[in-house]
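A closer look at the structure
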Amino acid sequence: MTIGDIFAQMGIMYSWASPDHLLDHMSTDQVMLYYEKGIQAVEMQARVFWGVLGEALSGQEKVSETDSGDKPDMKRFYELYGNKIKRG
């Protein structure tokens, strides 16, 4: 990989990362740190994206964290409250 390839990738990952900015304002160590962190972030985004897409395509349904999955017992509800609740 050449420095040109790294600069091109940096330009894709960061809108501020023009070749002039990288050459004039950053050290080689800083460029490499931002490059490595940017690649890690892109890889994480890809893993999340493909994980969600895989779940969607396989037909898996996620239950919300607040949903216990239990259905309310409507018969018991009406026994307790009957017609005390009025809809307006």
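Up top is the structure.
Residues numbered from 1 in each chain as written. Predicted model: local features only at pLDDT ≥ 70, side-chain atom pairs only at ≥ 80, totals over all residues. Heavy atoms only, no water.

With that settled, consider the overall build of the protein. Broken down by element type, the protein carries 4 helices and 0 strands. Taken from N to C terminus, the helices and strands of the protein fall in the order α-α-α-α. For the protein, restricting intrachain contacts to residue pairs at least 6 apart in sequence, the fraction spanning at least 24 positions comes to 40%. Approximately 7,800 Å² of the protein is accessible, and the part contributed by carbon and sulfur atoms is 56%. (Helix = DSSP H or I, 4+ residues; strand = E, 2+ residues; numbered from the N terminus. Contact = heavy atoms within 4.5 Å. Areas by Shrake-Rupley, 256 points an atom, 1.4 Å probe, with all protein chains shown as cover.)

This next bit is on a nonpolar patch on the surface. Taken together, M74, F77, Y78, L80 and Y81 make up a surface patch of nonpolar side chains, about 470 Å² in accessible area. Within the secondary structure, F77 sits in helix 4 (residues 74-81). (Patch = residues over 30% accessible without salt bridge, like charges linked within 9 Å, V, L, I, M, F, W, Y side chains within 5 Å. Salt bridge = Lys/Arg side-chain N within 4 Å of Asp/Glu carboxyl O.)

In this section: helix 3 (residues 28-58). For helix 3, with 31 residues, the first-to-last C-alpha span of 44 Å sits near the 45 Å given by 1.5 Å per residue. Inspection of helix 3 places V31, Y35 and G38 among the buried residues, and these make up the whole buried set. Residues of helix 3 that are buried sit in contact with helix 1 (3-13) and helix 2 (19-25). G59 sits one or two positions beyond helix 3 and adopts a positive phi of about 85°. (Expected span 1.5 Å × (residues − 1). Buried < 20%, exposed > 50% of the residue type's maximum accessible area, 1.4 Å probe, protein only.)

Turning our eyes to something else, we now look at the packing of helix 1 against helix 3. Two elements in contact, helix 1 and helix 3, have axes whose closest approach is 10 Å; the angle formed by their N-to-C orientations is 55°. As far as their axial angle goes, helix 3 and helix 1 are oblique. Note that helix 1 runs across helix 3; the crossing there is left-handed. Of the residues in helix 3, those touching helix 1 at I6, F7, Q9, M10 and M13 are V31, M32, Y34, Y35, G38, I39 and V42. (Axes fitted to C-alpha atoms, helices over the stretch in contact; angles between N-to-C directions. Parallel < 35°, antiparallel > 145°, perpendicular 65-115°, else oblique. Left-handed = near helix turned anticlockwise from the far one by under 90°.)

The analysis is restricted to geometry; functional conclusions fall outside its scope.
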